[in-house]
Amino acid sequence: DVKVTQSSRYLVKRTGEKVFLECVQDMDHENMFWYRQDPGLGLRLIYFSYDVKMKEKGDIPEGYSVSREKKERFSLILESASTNQTSMYLCASSLSRLGRGTGELFFGEGSRLTVL
Amino acid sequence: TQLLEQSPQFLSIQEGENLTVYCNSSSVFSSLQWYRQEPGEGPVLLVTVVTGGEVKKLKRLTFQFGDARKDSSLHITAAQPGDTGLYLCAGPLIYNFNKFYFGSGTKLNVKP
């Protein structure tokens, strides 16, 4: 059974703290993505990666960075957390690149981050 | 404004009722996917529609892709409490495969 695992389901951090969100997939997918989900706004793409060591900005990359040192692992980093980064963060992986073919996105369970 | 508009935003119905959820755009899409997200979980793919006018059935769920590939609908027959969740449509524009858009979702609650 395919699996995308996010390290933390719930986090509470203080403004200015550095936050690491880890994501691991066991499907040998090259393509991995980080989204944030907010009510009424749907899913918005933060960063994505089509290969190890490779990263591309999505629609809302400001305030975030990512790391892809190994194929199966894609980390999202908030260098200095702010209250407007309180959100649900979803990691996903895919066999296909976004929009190519009819590739399915496999999502993790999400990490709900609260920044105080 | 979202490129994919979903309606209604919220729907609360009794078990056994039928419902339709809409996903509309002024842009043409290469394909559209429908995901369901249950509380506390990530979205899970239900179906992908590719051809204009295509209809796909998944048990009590019927998905349709508009002839012009600008819209899609999801119809549920005899809804059950297990259908409760957030339904999301998503897809790439026909001339820009590098962009993948999600609708804002329809939150469905089916009461027993």
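If you're wondering where the values come from, they're calculated on a predicted model, not measured in any experiment.

### So, the overall build of chain B
Scanning chain B from N- to C-terminus turns up zero helices and 11 strands. Going residue by residue from the N terminus, the α and β elements of chain B occur as β-β-β-β-β-β-β-β-β-β-β. Its C-alpha atoms give chain B a radius of gyration of 13 Å, near enough to 13 Å, the size a compact globule of 112 residues would have. Counting only C-alpha atoms, chain B reaches 45 × 25 × 20 Å along its principal axes. Counting the 112 residues in chain B, one finds 46% classified as buried. Relative to all contacts within chain B whose residues are 6 or more apart in sequence, the contacts with residues 24 or more apart total 55%. Total accessible area on chain B is roughly 5,300 Å²; 51% of this is exposed by carbon and sulfur atoms.

### Concerning the interface of chain A and chain B
Contacts between the two partners involve 20 residues from chain A and, on the opposite side, 22 residues from chain B. Interface of chain A and chain B: buried area, both sides summed, is about 1,700 Å²; carbon and sulfur atoms make up 50% of it. The tally of links from chain A across to chain B stands at zero salt bridges. In this structure, the connection of chain A to chain B is made through four residue pairs in polar contact (both at pLDDT 80 or more). Secondary structure elements with two or more residues in the side of chain A that touches chain B: strand S5 (31-38), strand S6 (42-49) and strand S11 (105-107) of chain A. Of the residues in the side of chain A that touches chain B, the class split is seven nonpolar, eight polar and five charged.

### Overview of the packing of aromatic side chains
Residue and element names in this part refer to chain A. Tallied over the full model, the rule gives 11 aromatic pairs over all chains. Taking 5.0 Å as the distance between ring centres and 50° as the angle between the ring planes, the aromatic pair formed by Phe48 and Tyr50 counts as tilted. With relative accessibility at 11%, the residue Phe48 sits in the buried group. Overall, the relative accessible area of 8% leaves Tyr50 in the buried class. Over the ring of Phe74 we find Arg68, and its NZ or CZ is 6.0 Å from the ring centre.

### Details of the state of the cysteines
All names here are of chain A. On inspection of all chains with the given rule, the structure shows two disulfides over all chains. Between the sulfur of Cys23 and that of Cys91 lies a disulfide, 1.9 Å long from S to S. For the disulfide bridge between Cys23 and Cys91, the dihedral angle about the S-S bond is near -75°, and by the sign convention the bridge is left-handed. Of this pair, Cys23 sits in strand S4 (residues 23-25) while Cys91 sits in strand S10 (residues 87-94), and the two are 68 residues apart along the sequence.

### Focus: the confidence of the model for chain B
In the predicted model, chain B carries a mean pLDDT of 93, and the fraction of residues at 70 or more is 96%. Mean pLDDT across the elements of chain B ranges from a minimum in strand S10 (residues 96-102) of chain B, with 76, to a maximum in strand S8 (residues 71-76) of chain B, with 98.

### Some details on the sheet that holds strand S7 (residues 61-65) of chain B
Residue and element names in this part refer to chain B. Here five strands make up an open sheet; going across it, the order is S1-S3-S8-S7-S6 and the pairing antiparallel. Here the strands that pair on one side only, and so sit at the sheet edges, are strand S1 (5-7) and strand S6 (55-58). Direction aside, the axes of adjacent strands within the sheet are offset by 15° on average. As judged from the four bridges shared by S6 and S7, these two strands associate in the antiparallel manner. In the strand pairing of S7, Lys57 is matched with Thr62.

### What to know about the pattern of salt bridges
All names here are of chain A. As enumerated under the stated definition, the model contains 10 salt bridges over all chains in all. Here Arg73 makes a salt bridge to Glu22, at a shortest N to O gap of 3.1 Å. Separated by 51 residues along the polypeptide, Arg73 in strand S9 (residues 73-78) and Glu22 in the loop between strand S3 (19-21) and S4 bring together distant segments of the chain.

### A closer look at the environment of Asn84(A)
Residue and element names in this part refer to chain A. Assignment of secondary structure puts Asn84 in the loop between S9 and S10. For the pair Asn84 and Leu116, spaced 32 residues apart in sequence, the C-alpha to C-alpha distance is 9.7 Å. In this structure the side chain of Asn84 is engaged in a polar contact, spanning 2.5 Å, whose partner is the side chain of Ser82.

Rules behind the numbers
Residues numbered from 1 in each chain as written. Chains lettered and ligands numbered in written order. Predicted model: local features only at pLDDT ≥ 70, side-chain atom pairs only at ≥ 80, totals over all residues. Heavy atoms only, no water. Helix = DSSP H or I, 4+ residues; strand = E, 2+ residues; numbered from the N terminus. Rg over C-alpha atoms; globule rule 2.2 N^0.38 Å. Buried < 20%, exposed > 50% of the residue type's maximum accessible area, 1.4 Å probe, protein only. Contact = heavy atoms within 4.5 Å. Areas by Shrake-Rupley, 256 points an atom, 1.4 Å probe, with all protein chains shown as cover. Buried area = accessible area lost by both parts, 1.4 Å probe. Salt bridge = Lys/Arg side-chain N within 4 Å of Asp/Glu carboxyl O. Polar contact = N/O pair within 3.5 Å; in protein donor to acceptor, adjacent residues only side chain to side chain. Nonpolar A, V, L, I, M, F, W, Y, C, P; charged D, E, K, R; others polar. Phe/Tyr/Trp six-rings, centres within 6.5 Å; stacked < 30°, edge-to-face > 60°. Lys NZ or Arg CZ within 6 Å of the ring centre and 35° of its normal. Disulfide = S-S within 2.5 Å. pLDDT = per-residue confidence, 0-100. Pairing = 2+ DSSP bridges. Axes fitted to C-alpha atoms, helices over the stretch in contact; angles between N-to-C directions.

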